[in-house]
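Residues per chain are reported as follows:
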Amino acid sequence: MGHIITLQDGSNHTYFTILDLMDLVDTYMGLEMKTALVEEFNEVELAHADDDEYIKDLEQENKGQRDHHKEVMEKLRKLSEDLASEIGKPVQDRKAISNIVGAIGIITGRELC
């Protein structure tokens, strides 16, 4: 899709690509301005050259954290079920309950540090 710009002299110009725009700059502002803009664009491009790799690294790190979170939650869920089962028995084994609660404490302590 083209863009229309109006210059100070009132003339309208349509450009479709950055190359079209740079031709307008060259025509109406001169080669020095065109060169300056090209240099600025190149600096911006260089500054963001590694953005895709950085995003990929962040996504990989995020996936690792999600996987770890799921693993921890599954362990806690299992311990919670074991604790509920032990509490539901007519005669509770206090040592078993203590061991389950201790395991939960270890997991949560490790995750909070």
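The structure presented is a predicted model; accordingly, all values stated were derived computationally and were not measured. (Residues numbered from 1 in each chain as written. Predicted model: local features only at pLDDT ≥ 70, side-chain atom pairs only at ≥ 80, totals over all residues. Heavy atoms only, no water.)

**Concerning the overall build of the protein chain**
Then comes step 1: If you tally the helices and strands in the protein chain, you get four helices and two strands.
Then comes step 2: When the elements of the protein chain are put in sequence order from the N terminus, they spell out β-β-α-α-α-α.
Then comes step 3: In terms of C-alpha radius of gyration, the protein chain reaches 32 Å, well past the compact-globule figure of 13 Å for 113 residues.
Then comes step 4: Taking the principal axes of the C-alpha coordinates as reference, the protein chain spans close to 95 × 25 × 20 Å.
Then comes step 5: Looking at the protein chain as a whole, 11% of its 113 residues qualify as buried.
Then comes step 6: The contacts in the protein chain between residues at least 6 apart in sequence include a share of 19% that link residues at least 24 apart. (Helix = DSSP H or I, 4+ residues; strand = E, 2+ residues; numbered from the N terminus. Rg over C-alpha atoms; globule rule 2.2 N^0.38 Å. Buried < 20%, exposed > 50% of the residue type's maximum accessible area, 1.4 Å probe, protein only. Contact = heavy atoms within 4.5 Å.)

**Some points on the nonpolar core**
Then comes step 1: Judged by nonpolar contacts, Val-72, Leu-76, Leu-79, Leu-83, Ile-100 and Ile-107 together constitute the single largest core of six residues.
Then comes step 2: Residue assignment for this core shows that the elements contributing at least two residues are α3 (51-88) and α4 (94-112).
Then comes step 3: No other element matches α3, which puts four residues into this core.
Then comes step 4: When near neighbours in sequence (up to four residues on either side) are disregarded, Leu-79 contacts Ile-100, Ala-103, Ile-104 and Ile-107. (Core = buried A, V, L, I, M, F, W, Y, C linked by side-chain atoms within 4.5 Å.)

**Focus: α3**
Then comes step 1: Given a rise of 1.5 Å per residue, 38 residues ought to cover 56 Å, and the 54 Å separating the end C-alpha atoms of α3 matches this to within 8%.
Then comes step 2: Regarding α3, the residues found buried are Val-72, Leu-76, Leu-79, Leu-83 and Glu-86.
Then comes step 3: On its buried face, α3 sits against α4. (Expected span 1.5 Å × (residues − 1).)

**Side note on the pairing of strand β2 (residues 12-15)**
Then comes step 1: Residues His-13 and Tyr-15 line the buried face of β2, whereas the alternating positions Asn-12 and Thr-14 sit on a face that is not buried.
Then comes step 2: Strand direction decides the pairing type here: strand β1 (residues 3-6) and β2, joined by four bridges, are antiparallel. From the neighbouring strand, Ile-5 faces β2, where its bridge partner is His-13.
Then comes step 3: Between β1 and β2, which pair antiparallel in sequence order, lie five residues; one of them, Gly-10, sits at a positive phi of approximately 90 degrees. (Pairing = 2+ DSSP bridges.)

**Description of the packing of helix α1 (residues 18-29) against helix α2 (residues 31-47)**
Two packed helices can be described by the angle between their axes and the distance between those axes.
Then comes step 1: Direction vectors running N to C along α1 and α2 enclose 145 degrees, while the axes themselves pass 7 Å from each other. Contact residues: Ile-18, Met-22, Asp-23, Val-25, Asp-26 and Met-29 in α1; Leu-31, Met-33, Lys-34, Leu-37, Val-38 and Phe-41 in α2.
Then comes step 2: In the contact of α1 with α2, the residues fall into nine nonpolar, no polar and three charged. (Axes fitted to C-alpha atoms, helices over the stretch in contact; angles between N-to-C directions. Nonpolar A, V, L, I, M, F, W, Y, C, P; charged D, E, K, R; others polar.)

**Brief notes about the side chain of Glu-86**
Then comes step 1: Inspection of the secondary structure puts Glu-86 in helix α3.
Then comes step 2: Side-chain polar atoms of Glu-86 contact the side chain of Lys-89, separated by 3.1 Å. (Polar contact = N/O pair within 3.5 Å; in protein donor to acceptor, adjacent residues only side chain to side chain.)

**Focus: the packing of α3 against α4**
Then comes step 1: Close contact between α3 and α4 brings their axes to 10 Å; oriented N to C, the two are set at 160 degrees. Considering the angle they form, α3 stands roughly antiparallel to α4. Like other packed secondary-structure pairs, α3 and α4 cross with a definite hand, here left-handed. Between α3 and α4, the residues in contact are His-68, Val-72, Lys-75, Leu-76, Leu-79, Asp-82, Leu-83, Glu-86 and Ile-87 and Ala-96, Ile-97, Ile-100, Val-101, Ala-103, Ile-104, Ile-107, Thr-108 and Glu-111, respectively.
Then comes step 2: Its residues assigned to classes, the contact of α3 with α4 comprises twelve nonpolar, two polar and four charged. (Parallel < 35°, antiparallel > 145°, perpendicular 65-115°, else oblique. Left-handed = near helix turned anticlockwise from the far one by under 90°.)

Honestly, that's just the spatial picture; any functional story needs more than this.
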